[in-house]
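If you want the building blocks of each chain, they are given just below.
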Amino acid sequence: NAGVTQTPKFQVLKTGQSMTLQCAQDMNHEYMSWYRQDPGMGLRLIHYSVGAGITDQGEVPNGYNVSRSTTEDFPLRLLSAAPSQTSVYFCASSFTGLGNTEAFFGQGTRLTVV
Amino acid sequence: DQQVKQNSPSLSVQEGRISILNCDYTNSMFDYFLWYKKYPAEGPTFLISISSIKDKNEDGRFTVFLNKSAKHLSLHIVPSQPGDSAVYFCAARNNFNKFYFGSGTKLNVKP
């Protein structure tokens, strides 16, 4: 069982470059989300999606774009990287609706912007 | 403004003793609370959860307590083991399925 797969695991970008962080899940989860983890800040929600074709902003969306063309994939795009986007990024997925369901996380992408 | 807060960045406990990790929240609309465990260079993994209609949930050595009037939850680990050393995140879910996380508590269990 692959669960949630993120690529790449590490990335160094120059200021102004763009890139896409990939996220795929094989659990048929409707809900997918992107978080960034910074020291002392916990995990902050960037963008999320409740299903294919539907996305919305989280707490810290500026500088990031997302799309959800399939249930499985939820890529995160950095349009013009800035040093403030140096962070560890986690993708997560879960079922939606009522009931007690937890989010499953990928292993993370450590991004450094120089 | 953080809706979920973990005020203790770190906690050190002797092996075999109880570890108590605390979490406070501000939004009374949260319907589900979770604890995640995170090792270095790995993603968070689900540990235990509790619905807002309950006040206690137990799973082996792990028990989560919820005090809705105080908007407070805690995770008890008994007995603590060195393998429990990790960062623990408290999380709360609203009715739109959005998860809010605390800043984490780093637990160190000393042999």
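**Some words on the overall build of chain B**
If you tally the helices and strands in chain B, you get zero helices and 11 strands. Helices and strands in chain B line up, N terminus first, as β-β-β-β-β-β-β-β-β-β-β. The C-alpha radius of gyration of chain B comes to 13 Å, within 12% of the 13 Å expected for a compact globule of 111 residues. For the C-alpha atoms alone, the extent of chain B along its principal axes is close to 40 × 30 × 20 Å. For chain B, buried positions account for 47% of its 111 residues. Of the contacts formed within chain B by residues at least 6 apart in sequence, a portion of 53% connects residues at least 24 apart. Here chain B has roughly 5300 Å² of accessible surface; of this, 49% comes from carbon and sulfur atoms. Side chains of chain B carry 13 positive and 9 negative charges; the gap between the two charge centres is 3 Å.

**As for the nonpolar core**
In terms of nonpolar packing, the biggest core is built from 24 residues, with B:V4, B:F33, B:W35, B:L73, B:L75 and B:Y88 touching the most fellow members. Among the elements that line this core, the one with the most residues is strand β9 (residues 86-93) of chain B, at four residues. Excluding anything up to four places from it in sequence, B:F33 contacts B:Y25, B:I48, B:S49, B:I50, B:S52, B:L66, B:L73, B:A91 and B:A92. Among the nonpolar cores identified, the runner-up in size contains 18 residues, and A:C23, A:L76, A:C91 and A:V113 belong to it.

**Comments concerning the interface of chain A and chain B**
Contacts between chain A and chain B engage 23 residues on the former and 21 residues on the latter. For the pair chain A and chain B, the summed buried area comes to about 1700 Å², and 56% of that belongs to carbon and sulfur atoms. Put simply, chain A and chain B have zero salt bridges between them. Counting across the chain A and chain B interface gives two residue pairs in polar contact (both at pLDDT 80 or more). Element by element, the count of residues in the side of chain A that touches chain B is highest for strand β5 (residues 42-51) of chain A, at four residues. Its residues assigned to classes, the side of chain A that touches chain B shows 10 nonpolar, 11 polar and two charged.

**Details of the packing of aromatic side chains**
Using the criterion set out here, one finds 13 aromatic pairs over all chains in the structure. Note on A:Y35 and A:F105: the rings are 5.8 Å apart at their centroids and 45° apart in plane angle, and the pair reads as tilted. One end of the pair, A:Y35, is in strand β4 (residues 31-38); the other, A:F105, is in strand β10 (residues 104-105), with 70 residues separating them in the sequence. Comparing A:Y35 with A:F105 shows no difference in burial state: the two are buried. Consider the rings of B:Y36 and B:F46, whose centres lie 6.0 Å apart with planes at 75°: the pair is edge-to-face. Here the residue B:Y36 occupies a position in strand β4 (residues 32-38), and B:F46 occupies one in strand β5 (residues 45-51), the gap between them amounting to 10 residues. For B:Y36, a relative accessible area of 0% gives the class buried. Accessibility expressed as a relative area gives 30% for B:F46, which makes it partly exposed. An aromatic cluster is built from A:Y35, A:F90, A:F105, B:Y36, B:F46 and B:F101, whose rings are joined through pairwise contacts.

**Description of the pattern of salt bridges**
For the structure on display, the rule yields five salt bridges over all chains. One salt bridge in this structure joins B:K37 and B:D84, with 4.0 Å as the shortest N-O distance. Note that B:K37 is positioned in strand β4 and B:D84 in the loop between β8 (72-77) and β9, a separation of 47 residues in sequence. The two residues B:K37 and B:D84 agree in class, both being buried. For B:R61, the salt bridge is made with B:D84, and the minimal N-O distance between the two is 2.8 Å. Placement of B:R61 in the loop between β6 (56-59) and β7 (62-67) and of B:D84 in the loop between β8 and β9 is noted, with a sequence separation of 23 residues between them. Under the relative-accessibility criterion, B:R61 is labelled partly exposed at 22%. Residues joined in a network through salt bridges with shared partners are A:R36, A:D38 and A:R44.

Analysis parameters
- Residues numbered from 1 in each chain as written.
- Chains lettered and ligands numbered in written order.
- Predicted model: local features only at pLDDT ≥ 70, side-chain atom pairs only at ≥ 80, totals over all residues.
- Heavy atoms only, no water.
- Helix = DSSP H or I, 4+ residues; strand = E, 2+ residues; numbered from the N terminus.
- Rg over C-alpha atoms; globule rule 2.2 N^0.38 Å.
- Buried < 20%, exposed > 50% of the residue type's maximum accessible area, 1.4 Å probe, protein only.
- Contact = heavy atoms within 4.5 Å.
- Areas by Shrake-Rupley, 256 points an atom, 1.4 Å probe, with all protein chains shown as cover.
- Lys, Arg positive; Asp, Glu negative; His and termini not counted.
- Charge placed at Lys NZ, Arg CZ, Asp CG, Glu CD.
- Core = buried A, V, L, I, M, F, W, Y, C linked by side-chain atoms within 4.5 Å.
- Buried area = accessible area lost by both parts, 1.4 Å probe.
- Salt bridge = Lys/Arg side-chain N within 4 Å of Asp/Glu carboxyl O.
- Polar contact = N/O pair within 3.5 Å; in protein donor to acceptor, adjacent residues only side chain to side chain.
- Nonpolar A, V, L, I, M, F, W, Y, C, P; charged D, E, K, R; others polar.
- Phe/Tyr/Trp six-rings, centres within 6.5 Å; stacked < 30°, edge-to-face > 60°.

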